[in-house]
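Structure assessment
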Amino acid sequence: MQTVSKKKPMHRKLADVVKLSAAEVRGERISDIQEEQSIPATSQAICVASGKGGTGKTIFSTNVGVLLARNGFKVTLIDADLGLANSHLLLGLDPTHDVSQLINGELLIEDVLVEGPHGLKVLPGGSGIAELAELGEGQLTYLAQQMLRVDEENDITLVDCSAGITQQVLRFMASAHQLVVVTTPEVTSMIDGYAVIKNVHKLRPDIKIWLVVNRTKDKDDAQHVFEKMQQVVKRRLGDVTMRLLGSVPHDRYVLRSIMLRQPVAMIHPRSYATACFTRMANTIGMDNRRWRMLQKKAASPDPAYFQSLAGRRYG
Ligand SMILES: Nc1ncnc2c1ncn2[C@@H]1O[C@H](COP(=O)(O)OP(=O)(O)O)[C@@H](O)[C@H]1O
Ligand SMILES: [Mg+2]
């Protein structure tokens, strides 16, 4: 594990740096950028969300992140479960710094990003830091502005969100180009998953949703859960683009991989769970190629994720 850049930490107060933005770095005023000029996204932001905690968002994000990176995609995984982060743990990383040093202005984004397996970049969240769970407006904007500086280096930005529907999480989700909702077949998990979809849909009626059904017990579970969710979504919200991305069984190799702090896709490449993650990573990869091609041609391309996040476009 090593930091991506060896730049010396810069010790500055948040009050001094919060105004610094990608736009200003390029000598432009942030208000011009946010209000008049939308920066076309070159990196596709995929937010991984769930209503209930413990559905498998981090298992999904880390495995799919590593598989996409192995397939040659440039991927950054943002651990947006900012106060109770654990993505780095499941990737076997032991980072020296985390997002709290970025937010308080001690370090710049290049100093906090760490490199994981197959060149996957990770922005580690803070573990057990309550203040990070709900950032202030200036802090969230600053975080987004810092990320915007390195956004062009990525094909895909995976955002591993915290559970629930707080204003902060909704803002992370509603700014995304694609939303992944992870649910288990439990009815409570499905109801809370629907609550996420409903609230994001209010802010972004056009959002595209992939459903992932985790911890399935048999082969019909996933389709059954998907059909039930789709029925409710259609009846209550109308026309929403929701597809089944895939499913993962409740699997002892997944449990073992957590114990060993390595993605199951790396340590049990022949397991059924790995086959499931591989299929989903391949679908995401194909979709990303198509998305990037369309972005280049589109008359009004999707705006850069971190610009939307910084500019309070949604939420
Ligand atoms: N496919 C699976 N098979 C077995 N256990 C799983 C599986 N997915 C998740 N788990 C269990 O659920 C826990 C929570 O998973 P995690 O990805 O950390 O959830 P989240 O990020 O949504 O809070 C894991 O630590 C593990 O014990
Ligand atoms: Mg998690």
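Throughout what follows, the structure given in this document is the object of discussion. Fair warning: this is a prediction, and the values are worked out from it, not measured in the lab. (Residues numbered from 1 in each chain as written. Chains lettered and ligands numbered in written order. Predicted model: local features only at pLDDT ≥ 70, side-chain atom pairs only at ≥ 80, totals over all residues.)

1. Regarding the overall build of the protein chain
In terms of regular secondary structure, the protein chain is built from 16 helices and eight strands. Residues classed as buried in the protein chain amount to 49% of the 315 residues present. For the protein chain, the proportion of contacts with a sequence separation of at least 24, taken over those separated by at least 6, is 80%. (Helix = DSSP H or I, 4+ residues; strand = E, 2+ residues; numbered from the N terminus. Buried ≥ 20, exposed ≤ 12 C-beta atoms within 10 Å, placed from the backbone. Contact = placed C-beta atoms within 7 Å.)

2. What to know about the site of ligand 1
Taken together, 17 residues lie near ligand 1, and G56, K57, T58, I59 and V254 sit nearest. Every element with two or more residues in the shell around ligand 1 is listed here: α4 (57-70), β7 (208-216) and α13 (252-260). By residue class, the composition of the shell around ligand 1 is six nonpolar, eight polar and three charged. (Near = placed C-beta within 6 Å. Nonpolar A, V, L, I, M, F, W, Y, C, P; charged D, E, K, R; others polar.)

3. Observations concerning helix α9 (residues 137-148)
With 12 residues, α9 extends 16 Å from end C-alpha to end C-alpha; this agrees with the ideal 16 Å at 1.5 Å per step. Taking burial as the measure, the 12 residues of α9 include 10 buried ones, the bulk of the element. All of the buried residues along α9 are Q139, L140, T141, Y142, L143, A144, Q145, Q146, M147 and L148. (Expected span 1.5 Å × (residues − 1).)

4. Examining the environment of E115
As for its position among the elements, E115 is in strand β3 (residues 114-115). Sequence-wise, E115 and L93 are 22 residues apart; in three dimensions their C-alpha atoms are separated by 8.6 Å.

5. Some details on the pairing of strand β1 (residues 44-49)
Along β1, six of the six residues are buried, which leaves the element largely enclosed by surrounding structure. Alternating positions in β1 separate into two faces, Q44, I46 and V48 on one and A45, C47 and A49 on the other, with burial throughout. As paired strands, β1 and strand β5 (residues 156-161) are joined by five bridges and run parallel to one another. Looking at β5, one finds that I46 is bridged to L158. When β1 meets strand β6 (residues 178-183), the two strands line up parallel, connected through four bridges. The partner of C47 across the bridge, within β6, is L179. (Pairing = 2+ DSSP bridges.)

6. A word on the packing of helix α10 (residues 167-174) against helix α11 (residues 187-203)
Helices that pack against each other are described as a pair by the angle of their axes relative to one another and the distance between those axes. Packing of α10 against α11 brings their axes to within 10 Å, and their N-to-C directions diverge by 65 degrees. The angle between α10 and α11 places the two elements in the roughly perpendicular class. When you trace α10 past α11, the crossing you get is right-handed. Facing L170, M173 and A174 of α10, the residues of α11 in contact are N199, V200 and L203. The class makeup of the residues in the contact of α10 with α11 is five nonpolar, one polar and no charged. (Axes fitted to C-alpha atoms, helices over the stretch in contact; angles between N-to-C directions. Parallel < 35°, antiparallel > 145°, perpendicular 65-115°, else oblique. Left-handed = near helix turned anticlockwise from the far one by under 90°.)

7. Some remarks on the nonpolar core
Counting 88 residues, the largest nonpolar core has I46, C47, V48, V159, M173, L179 and V180 as its most contacted members. Residue contributions to this core peak at seven residues, all from α4. Apart from residues no more than four positions distant in its own chain, V180 is found in contact with I46, C47, V48, A49, W210, V212 and L245. (Core = buried A, V, L, I, M, F, W, Y, C linked by C-beta atoms within 7 Å.)

8. Looking at the pairing of β5
Across the six residues of β5, six count as buried, placing the element largely inside the fold. In β5, alternate side chains face the same way, and those of I156, L158 and D160 on one face and T157, V159 and C161 on the other are all buried. Note: strand β2 (residues 75-80) against β5, six bridges, orientation parallel. What sits directly across from I78, in β5, is V159.

9. A look at the sheet that holds strand β8 (residues 241-249)
Reading across from one edge, β3-β4-β2-β5-β1-β6-β7-β8 is the order of the eight strands in this open sheet, with mixed pairing throughout. Looking at strand neighbours, the two that pair on one side only are β3 and β8, the edges of this open sheet. As paired elements, β7 and β8 share eight bridges and run parallel to each other. Bridged to I209 within β8 is M242. This element, α11, spans β1, β6 and β7 of the sheet and lies at about 165 degrees to β6. Relative to the sheet, helix α15 (residues 272-297) contacts β1, β5 and β8, its axis offset from that of β8 by approximately 155 degrees.

10. Regarding unusual backbone geometry
Here R215, not a glycine, exhibits a phi torsion of approximately 60 degrees, which is positive. Counting through the fold element by element, R215 comes out in strand β7. Even without a glycine there, the phi angle at R261 is positive, about 55 degrees. Within the secondary structure, R261 sits in the loop between α13 and α14 (264-267).

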